[in-house]
Amino acid sequence: MQSHPPLSPRERQIAEAYAGGATYQQIAESLCLAPSTVRTHLAAIYRKLEVSSKLELMARLDGPAPEPRTQPELSSALSELALSLEEALAREKALSEVLRIISDAQGDLDQVVPRILNYALDLCDAEFGILFEYHGDRRFGARFSKGIPEPFKAWMEARGVFAAGPETGLGRMVYQRDVVNIIDVKSEPLYQSDDPLRFATADLGGARSFVAIPMLAADRLVGAFTIYRQTVRPFSQHSLQLARIFADQSVIALENARLVSAARARDG
């Protein structure tokens, strides 16, 4: 078995905290370090233990050292790490840009929400997205969209505010107040019924995999953030986490717009 250089007491503290779920910031605060120093320590820890993920780190802290990796295995791990780093940097850049847009927009939703949808579609690898505004009693109106096929867009515009059936993704989301992740909209029995929303989603929009995320302001449902893929490719937990973040940013934008509008009405 291959032996590895021992971790220093400080490295052991950081490794155990990170493997236990603590963030760079939390570890830095508890040990009176800078977050960048924590990251430097973790890079050294990963090199010493020859691990490339938090799961591997957890296994290595209390387990025996693994057999040495072959060159193909090392190359594969490096490739995965490079891709993960690029994806993480893209996410960080997108979220920073969204926050800047919200801050600068002065309540202008037409400037903010389409760009949020654009970032969401790009990072979640989806073809189109819709931000629905909630009007109570399972009634929705498509307020913003990005990349939506024209037949589906025309269907939405013709109906304005519509009622979503209880078995649709939007209807289930209202009841559950949680993410609804549908692997294939055509595989559910609802598609064989005469539900107009499911017909429009699948046949006019060409959607197959779909996710609806509730947009909540405190406990109040203000809308739904939905993204669609036109092939059967279920959304992973990673994609759902990203979509949740963009839904939360959309809520901030909507609430900012409401506050700005109220302030202008009061001052006018």
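This text gives an overview of the structure that appears in the document. (Residues numbered from 1 in each chain as written. Predicted model: local features only at pLDDT ≥ 70, side-chain atom pairs only at ≥ 80, totals over all residues. Heavy atoms only, no water.)

## Overview of the packing of helix H7 (residues 150-159) against helix H9 (residues 196-204)
Piece 1. With their axes 8 Å apart at the nearest point, H7 and H9 run at an angle of 155 degrees to one another. Comparing the axis directions of H7 and H9 gives the class roughly antiparallel. Read as a crossing pair, H7 and H9 show a hand that is left-handed. Contact with H7, carried on its side by Pro151, Phe152, Trp155 and Met156, involves Pro196, Leu197, Ala200, Thr201 and Leu204 of H9 and no other residues of that element.
Piece 2. Its residues assigned to classes, the contact of H7 with H9 comprises 8 nonpolar, 1 polar and no charged. (Axes fitted to C-alpha atoms, helices over the stretch in contact; angles between N-to-C directions. Helix = DSSP H or I, 4+ residues; strand = E, 2+ residues; numbered from the N terminus. Parallel < 35°, antiparallel > 145°, perpendicular 65-115°, else oblique. Left-handed = near helix turned anticlockwise from the far one by under 90°. Contact = heavy atoms within 4.5 Å. Nonpolar A, V, L, I, M, F, W, Y, C, P; charged D, E, K, R; others polar.)

## Examining the pattern of salt bridges
Piece 1. Overall, the coordinates contain 9 salt bridges when judged by the stated rule.
Piece 2. For Glu188, the salt bridge is made with Arg198, and the minimal N-O distance between the two is 3.0 Å. One end of the pair, Glu188, is in the loop between strand E4 (180-182) and H9; the other, Arg198, is in helix H9, and 10 residues separate them in sequence. Arg198 shares its class with Glu188; the two are buried. (Salt bridge = Lys/Arg side-chain N within 4 Å of Asp/Glu carboxyl O. Buried < 20%, exposed > 50% of the residue type's maximum accessible area, 1.4 Å probe, protein only.)

Don't take any of this as a statement about function, it's just geometry.
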